[in-house]
Structure formats: C-alpha cells, structure tokens
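Structure at a glance
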Amino acid sequence: MQILSHFSSKASLSLLPLPRLSLSTALYFRRRPSKFQFCSSKHFQFPRLPLLVCNLSSGTSQQVPMDSPPPEATLSVDSLTHDLQNQSLTSDGHDQMNNKSENNGVNYTHAVRLKLEDLNWDNSFVRELPGDPRTDTIPREVLHACYTKVSPSAEVENPQLVAWSESVSKLLELDPEEFGRPDFPLLFSGASPLVGSLPYAQCYGGHQFGMWAGQLGDGRAITLGEVLNSKSERWELQLKGAGKTPYSRFADGLAVLRSSIREFLCSEAMHNLGIPTTRALCLVTTGKHVTRDMFYDGNPKEEPGAIVCRVSPSFLRFGSYQIHASREKEDLAIVRTLADYAIRHHFPHIENMSRSESLSFNTGNEEHSVVDLTSNKYAAWAVEVAERTASLVAKWQGVGFTHGVLNTDNMSILGLTIDYGPFGFLDAFDPSYTPNTTDLPGRRYCFANQPDIGLWNIAQFTRTLSAAQLIDDKEANYAMERYGTRFMDDYQAIMTKKLGLPKYIKQLIGKLLNNMAVDKVDYTNFFRLLSNIKADPSIPEEELLNPLKAVLLDIGQERKEAWISWVKIYIEELAASGISDEERKASMNAVNPKYILRNYLCQSAIDAAEQGDFGEVQRVLKVMERPYDEQPGMEKYARLPPAWAYRPGVCMLSCSS
C-alpha cells in the first residue's frame, strides 16, 4: 500500500514519467554492467516505492506495508554500522554534520585558535586524482580529469562581510578575531589568495530532471582546498560565485546576494535541525552587480553580487562518478580511482573491513543470490551511500523540507544536503509542493516525490559502479533494496517520535496526514502545538481542538468533526502509553522545531541586505541556531507566512542565481 493512500484521492496529480521502483522489485532490477546507458526517466516504469508521492491515487501493489517488521538483514547491516563505523561515525562527514548539539558534542575549550595563515591545508583531491593539463577558463569538455586548477576571478570593489558561522569556525579551529581582519572580505571573495590553498573546479556530470545532461561541473564554485584540524577532520572550503571555470558553459560564474543569503542561512539552519548538510563559513558581498533574469521571462535586472564560503568534508556527488562512466574506455578507470579516493578518505572503516566480519546477506531464492559485503569494498560502499541517502531523505520528510532540484549532480556521496538552489520548508501541508518554478509542469521534485527520486538517483549511481565493473547486479540491487528498507525504518521512527507515540501506528498517522493535506495545515506549527494535547479521555468534545485552534483555521463543522474524531483516537493511544504529559511534551518538542527557515524569513533578510542592512541576516542566523527552543521574544520568527510571502520569487524560485 502506498503511504499516500494516506491522502485523499481528490488531490491526485499527474506526473512527468517517473522512475518506479518498489521495495519488493528493486531487488530484481537488472542492468548491463558492461555498457553504461544514460536514459531519461521515461525508460524507467517500475512499481513505485511505497512512499509519499505526488500521485495520490491508490492502486494495488506488492509493496511492504509501513508497519511490517523489517527483514532480518536490517539488524545485520545495523550491526555493520555499529561495529565497523565506530571510526567513521566520529570522523566522517556524515556524522560531523548530523548532530544538532553545538559542534557535534566536541569540546572546543582547548586553546587552538588559528589565524588564516596557520590553517593546515592538505589538498589531497589535487594530489591524488587526475587533473586537467589546462588551467584556462574557456568553456570546454574536460576529458580524463577530475578537476581543473583555476583561480577565483570575480571582480570585487570594497567587499563586505555580511555574516559568519561561529560553529563552523570552531570546526576549522579558526580564531573568531580573524573575521574582523580588514582583508577578510578580500580573502573570502577570492580577490586575495589564502596562503596554502590550491584552487580548482571539479568536473562532474548528472541527470537533470531525469535526462542525462552530460558534463556539468563547478560552473561557479571554486574549491580552495582541504583544511585538516587538530583532530584530523578534513574540511573542504569552497567559494560559490567566485568566477568562471571551464564548466561555466555560457554563464558568468557569479552569484547574487539573494541566493547566497538563502544558501548561507539554510546550510546552518539544516545543521541545527540535526539534518546532514554542507555548511557555510561566511558570506561576503563583492561590491559589484550581477545581471540575472530571475523568472526567465526576458526581464533581467542587476542585483548585488555575493560569495558564500561553503564547507564540507567533500563535495563529491553522484555525478562526479557518472561523467567518467559515461565516457567509457579509459575513463572507466577513473571511476575506480575516484571510488578508492572516497573510501580511503571518507569511508575508512570500509577499507579496513575483513572477511571475519561475515557480512553476507541472502537477496532472494535464486541460486547464487548471496551478497557478501566483505568480499567487495565497492559493494559495501554502495550500500552505505544508499543508506545514508535514504536516512537523509527521511529526515527531510520529517521536518517538511523540499530540496527542489534533486538532480544526480546535487546528490552527495556522504549523504549530505548539498546545493541550495530553490528550496522550501512546508508551510501549509501540501504533498505536491515544489519550490522550483522550473519544476511546475510535472512536479518531479515535489515534497512527496523525494523518497522515490532518492531511489532513482541511487539506481543511477549503482549503474555507474556497474559500468566500471566495481559491483555486479546482485550488489547493485541489494544497495537499492537497502535504500528502501532504511528509508521506511527511519521515516516510521521519525513520525512516531513527532507524535510522541511509543510505536508506529500506520492508520493513525495516515489519517492525520490526510487531514492536514485537506485543510492545508501548517506543518511545523501543527506538530509543535500537538505536544499540548493531554492524555485525558474525559476532556469534553467541544474542548478537544483547543490546543490546535491556532493552526486549524477556517474549517467548517464537517472538518471539525473529522479532527475531533482523530484527536479522540490519538488521546486513547496516548493514555494507553502510560507516558506523562510533561515527559511526552518535552520529547516531542525535542524533535518538532518551533523555528524553521521559512522562505519569507529569507526574503525579509534579503530585502534588508540589498539595502545594506545585514542585521536581519544575522538575527535569523541566531534564531535558527536553536530551532527547538522557545526563545522568548523571538516568536515572530515562528509565525505563519504573511500574504506577501506567496508571491513568485518568495514561495517559489527558479534555478537562476
């Protein structure tokens, strides 16, 4: 049964042809590893994964029920995570980004406070991988290389620091006083080189809206290099909007202030929500203007230019591997080289696996259907990438985040949220919501489709590894099966915690989501207010909805009765759980944020910044540092969007920046 049998069939939408894989059929998805085939999504018509989907019509399927127990392999893979990732989960990018406590629980009271000149640059990407022999920025196809050495070239004129992240500076062990240096804006606009950096732009390809787009690459992002801190954590620093590269195609390689503010704020807001993400160290204006046609309607205008310094253990994407597999021949060897690099630096626990771990899994009744993850490190890697991706998407669904552009070149191999173009958090609950105007005809990347798209993208990633003969069909299929299982496990656990229940109750949660969709209930505020419900079956019927009246606006008698019916059942489950109201409220508030980065909050900060007032950017950043706390005096940042927030350019954006 599809999870969105939860939703009314009246809301059914038509979609662009979409990949259709289910938990039961992903295992038997076959591909030819000797030939890398790039296909549009219309060639993939598999049974749909039983997840939140924009197509709300019901139908028969052989899919795994949401409340069914996971297969035995779940415990085995979780054991792998526990036993083998102890090293990784305290040092790799996924866990570094995946803890909402300040600085990931690391004690930063030590005395390491570095000046910019003292940063420990490593530059392993340039040192260990094949590079482009040319260093010019002429748009061209870059063959047999993972990167091109290129320096920032954005024109600047009196650049200014808009904001910076204290928690990211601590990851780099950077002295806060460095942000007050007169030359800081020059250094982080790329106008002056950072001592020890070795700038380059990465080469990658990708599927865009289901179609193979060929070479893409860092068209306006230039990596400065990798910084190693005193704990040997690796942090790649990248300037977005720093000028042309060979991958810029017909673009100027620049970025504007509005999109840069959105990326800076959302990178940090997502981290503080506990969602794996790339980070942002700082945001500077260039002092120059950039011409952009925001709506692609023939009305370009000049906007202030800006540059974000993005930070991540790695900016490797699915497309980083796809581009080399697509070229076949000798470039297939680069897929292996790049996989070895990623495992060595970012998945070291996989490199150290031994046959003694006995990580073998039966994938069906067919002969020779056992997958042994210890016999092929690339298979173990593919499984972990799939599981990290599934866990990430489940977290997005739980907090109501819609990425907007889930092309394969925007999918991190570390399971991080990457590339903040058009994005949005749900206001009124609408499974078909897309923040991307480019996506409006088919809503391929709408909120409810994200789980399916994640699986489709994993299919493209495993296809790439198969083409390079790093994994076989069984291993590729198993990685996709693990994606489905991990997503379902994590999503159910998240929704259970959001409702303060001791166990997942499919019918109760399904009816709730349906009610929310029908009445367009504010997603974030509803779950925050839900913690005020008392586990008291004797509450008079006319008072049952009082804790929710701030979000149940303008509903008629019929809808009130539907909500009363749901609340009664919910209270019965709460009362049966034996958990006190106080304990449940505390646990629910710890997973249901009060503050999210709504699009209109971004826009308010943008409007002020474009007039030279950076104070609102800094205030929003501060509020989003503690999204689960009440923060007295900051209540306005939790309000429903005003009417002006629904105009184009605020609630929805194009890919233009």
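Residues numbered from 1 in each chain as written. Predicted model: local features only at pLDDT ≥ 70, side-chain atom pairs only at ≥ 80, totals over all residues. Heavy atoms only, no water.

Side note on the overall build of the protein chain
On a plain count of helices and strands, the protein chain comes out with 18 helices and 13 strands. A separation of at least 24 residues holds for 77% of the contacts in the protein chain among residues at least 6 apart in sequence. (Helix = DSSP H or I, 4+ residues; strand = E, 2+ residues; numbered from the N terminus. Contact = heavy atoms within 4.5 Å.)

Re unusual backbone geometry
The phi torsion at D419 lies on the positive side, around 65°, for a residue other than glycine. The backbone of R443 shows a phi angle near 50°, a positive value even though the residue is not glycine. If you trace the backbone, R443 turns up in the loop between β13 (424-425) and α11 (450-467). R443 sits in the partly exposed class, given a relative accessible area of 25%. (Buried < 20%, exposed > 50% of the residue type's maximum accessible area, 1.4 Å probe, protein only.)

Considering the packing of aromatic side chains
In this description, an aromatic ring pair is defined by two values, namely the gap between the centres and the angle between the planes. In the structure shown here, the tally under the stated rule is 27 aromatic pairs. Geometrically, the ring pair formed by F125 and Y341 is edge-to-face, given 5.6 Å between the ring centres and 85° between the ring planes. Taken as a pair, F125 in helix α3 (residues 124-128) and Y341 in helix α8 (residues 332-346) lie far apart in primary sequence, 216 residues in all. Like F125, the residue Y341 is buried in the burial classification. Here the aromatic rings of F179 and F184 are separated by 4.9 Å at their centres, their planes lie at 45°, and the arrangement is tilted. Both residues of the pair, F179 and F184, count as buried. (Phe/Tyr/Trp six-rings, centres within 6.5 Å; stacked < 30°, edge-to-face > 60°.)

A look at the pattern of salt bridges
Side chains that differ in sign of charge can pair as their charged atoms come close. Throughout the structure, instances matching the rule amount to 42 salt bridges. Of the charged contacts, one joins R113 and D175 as a salt bridge, the two residues approaching to 3.3 Å between their closest N and O atoms. Of this pair, R113 sits in the loop between α2 (93-97) and α3 while D175 sits in the loop between α4 (166-171) and α5 (184-187), and the two are 62 residues apart along the sequence. (Salt bridge = Lys/Arg side-chain N within 4 Å of Asp/Glu carboxyl O.)

Regarding helix α10 (residues 377-399)
Between its first and last C-alpha, α10 extends 33 Å over 23 residues, near the 33 Å set by a 1.5 Å rise per residue. Counting buried positions along α10 gives 21 out of 23 residues, so the element sits mostly inside the fold. The backbone nitrogen of Y378 lies 3.0 Å from a side-chain oxygen of the residue at the head of α10, namely N376. (Expected span 1.5 Å × (residues − 1). Polar contact = N/O pair within 3.5 Å; in protein donor to acceptor, adjacent residues only side chain to side chain.)

Re the confidence of the model for the protein chain
Chain-level pLDDT for the protein chain is 84 on average; 79% of the residues reach the 70-or-more range. Counting interchain partners and residues more than four positions distant, the pLDDT-below-50 stretch residues 1-109 has 290 contacts. (pLDDT = per-residue confidence, 0-100.)

Comments concerning the pairing of strand β5 (residues 211-215)
Pairing of strand β4 (residues 205-208) with β5, which is carried by three bridges, proceeds in the antiparallel orientation. Bridge assignment links H207 to a residue of β5, and that residue is W212. (Pairing = 2+ DSSP bridges.)

Regarding the side chain of S260
Looking at the element boundaries, S260 is found in helix α6 (residues 257-272). For S260, a relative accessible area of 3% corresponds to the buried category. If sequence neighbours within four positions are ignored, S260 has contacts with A255, L283, A306, I307 and V308.

Notes on the state of the cysteines
The final tally for this structure, using the stated rule, is zero disulfides. Here C203 stays unpaired: no disulfide links it, and the sulfur of C146, its closest cysteine neighbor, is 7.6 Å away. Free of any disulfide, C602 has its nearest cysteine sulfur in C266, 6.7 Å distant. Residue class for C602 comes out buried when judged on its relative accessible area of 0%. (Disulfide = S-S within 2.5 Å.)

Observations concerning the environment of L530
Topologically, L530 is positioned in helix α14 (residues 523-530). A relative accessible area of 0% places L530 in the buried class. Taking the C-alpha atoms as reference, L530 lies 8.9 Å from K498; in sequence the two are 32 residues apart. Contacts of L530, omitting those with residues within four sequence positions, involve L499, L548, W566, Y570 and M588.

Observations concerning the packing of helix α13 (residues 506-519) against helix α15 (residues 557-577)
The geometry of α13 relative to α15 is characterised by a closest axis approach of 11 Å and an angle of 150° between their N-to-C directions. By the angle class used here, α13 and α15 are roughly antiparallel. As α13 runs across α15, the sense of the crossing is left-handed. Residues L508, K511, L512, N515, M516, V518 and D519 of α13 pack against R559, A562, W563, W566, I569, Y570 and E573 of α15. Per-class residue counts for the contact of α13 with α15 are nine nonpolar, one polar and four charged. (Axes fitted to C-alpha atoms, helices over the stretch in contact; angles between N-to-C directions. Parallel < 35°, antiparallel > 145°, perpendicular 65-115°, else oblique. Left-handed = near helix turned anticlockwise from the far one by under 90°. Nonpolar A, V, L, I, M, F, W, Y, C, P; charged D, E, K, R; others polar.)

So, the environment of N407
Its location among the elements puts N407 in the loop between β12 (401-402) and β13. Once the C-alpha coordinates of N407 and F318 are considered, the two residues, 89 residues apart in sequence, prove to be 9.3 Å apart. Aside from chain neighbours lying at most four places away, what touches N407 is H207, Q208, F209, Y445 and N457. For N407, the side chain forms a polar contact with the main-chain nitrogen of F209, separated by 2.8 Å.

So, the pairing of strand β9 (residues 301-312)
The buried fraction of β9 is high, at nine of 12 residues. Where strand β7 (residues 234-240) and β9 come together, five bridges link them in antiparallel fashion. Of the residues in β9, the one forming a bridge with L237 is V311. As paired strands, strand β8 (residues 279-292) and β9 are joined by 10 bridges and run antiparallel to one another. If you follow T291 over to β9, its bridge partner there is E302.

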